[in-house]
Amino acid sequence: MVMKLLLTHTYFLEDDAYEKNVMKPYPPLGILYLSAWLKKHDRDVEVFDSTFSSYQKLLDKLQQDKPDILGIHCNLLTKYVVLKLIRYCNANGIIALLGGPDASTQVKEFLNYGADVIISGEGEDAILAILTRLEEGGSVRELSGLPNVSFRTESGEVVQNLRAAGKRQLDEYPWPDRSAINLNNYLDVWEQYHGQRSVSLITARGCAFTCKWCSHSVY
């Protein structure tokens, strides 16, 4: 069975008073890299870019498409929305899979709250391994042996598999899947408010946190 995965980053510009003052939004590169990697491996993946959307539209998307898994990027700014989404997934039979800096540093807390799986560290190999295990008939309650993956057993025990450093050469990763979102939303906002078009790029891997203010280029 092919698992249907929806990725989102749960950041809503409309709810960020500071960013509405600054108006320098950047695309969610982390999940775009994951999308590109999964498409390279012929997985059924889609991205919901929440920046210019709303929580209700995200719920509408979930209700309409009914994905098997919701992959959620989680940081401190979006934590409240993530918690609401975990509860929504629990109530609607969707696997809640978390990644990102906040989830990686609060594994037990998020799992005990109701998240099904958490990926810590680099996500490409981990998320592909999870999908493969599930598509072969495995369960989110038994993901032992998958590096960077944490989960809860049927008895409620939290299992944190060993962390593994990325071993792949950077050139082996595909470019981020910018076609999965409307990039013009970002470019147009930058041009309207700052007279130039700007997007972000990541120049290194392995950081615990990459913030949206760094490593961008203007063209």
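For the structure itself, consult the block above.
Residues numbered from 1 in each chain as written. Predicted model: local features only at pLDDT ≥ 70, side-chain atom pairs only at ≥ 80, totals over all residues. Heavy atoms only, no water.

## Digging into the pattern of salt bridges
Move 1: According to the stated counting rule, one finds 8 salt bridges in the structure shown.
Move 2: Where D177 meets K39, a salt bridge forms, and the shortest distance between an N and an O atom there is 2.7 Å. Placement of the pair is D177 in the loop between β7 (158-160) and α8 (183-194) and K39 in helix α2 (residues 29-40), with a sequence separation of 138 residues.
Move 3: Owing to a relative accessible area of 8%, D177 belongs among the buried residues under this scheme. (Salt bridge = Lys/Arg side-chain N within 4 Å of Asp/Glu carboxyl O. Helix = DSSP H or I, 4+ residues; strand = E, 2+ residues; numbered from the N terminus. Buried < 20%, exposed > 50% of the residue type's maximum accessible area, 1.4 Å probe, protein only.)

## Topic: α2
Move 1: If you check α2, its first and last C-alpha atoms are 16 Å apart, about what 12 residues at 1.5 Å a residue would give, namely 16 Å.
Move 2: Among the 12 residues of α2, 9 are classified as buried, and the element is accordingly described as predominantly covered.
Move 3: If you check which residues of α2 are buried, you get L29, I31, L32, Y33, L34, S35, A36, W37 and L38.
Move 4: Residues of α2 that are buried sit in contact with β1 (4-8), β2 (44-48), β3 (69-73), α7 (124-135) and β8 (198-200).
Move 5: D42 sits one or two positions beyond α2 and adopts a positive phi of about 60 degrees. (Expected span 1.5 Å × (residues − 1). Contact = heavy atoms within 4.5 Å.)

Remember that the coordinates give geometry; whether it matters functionally is a separate question.
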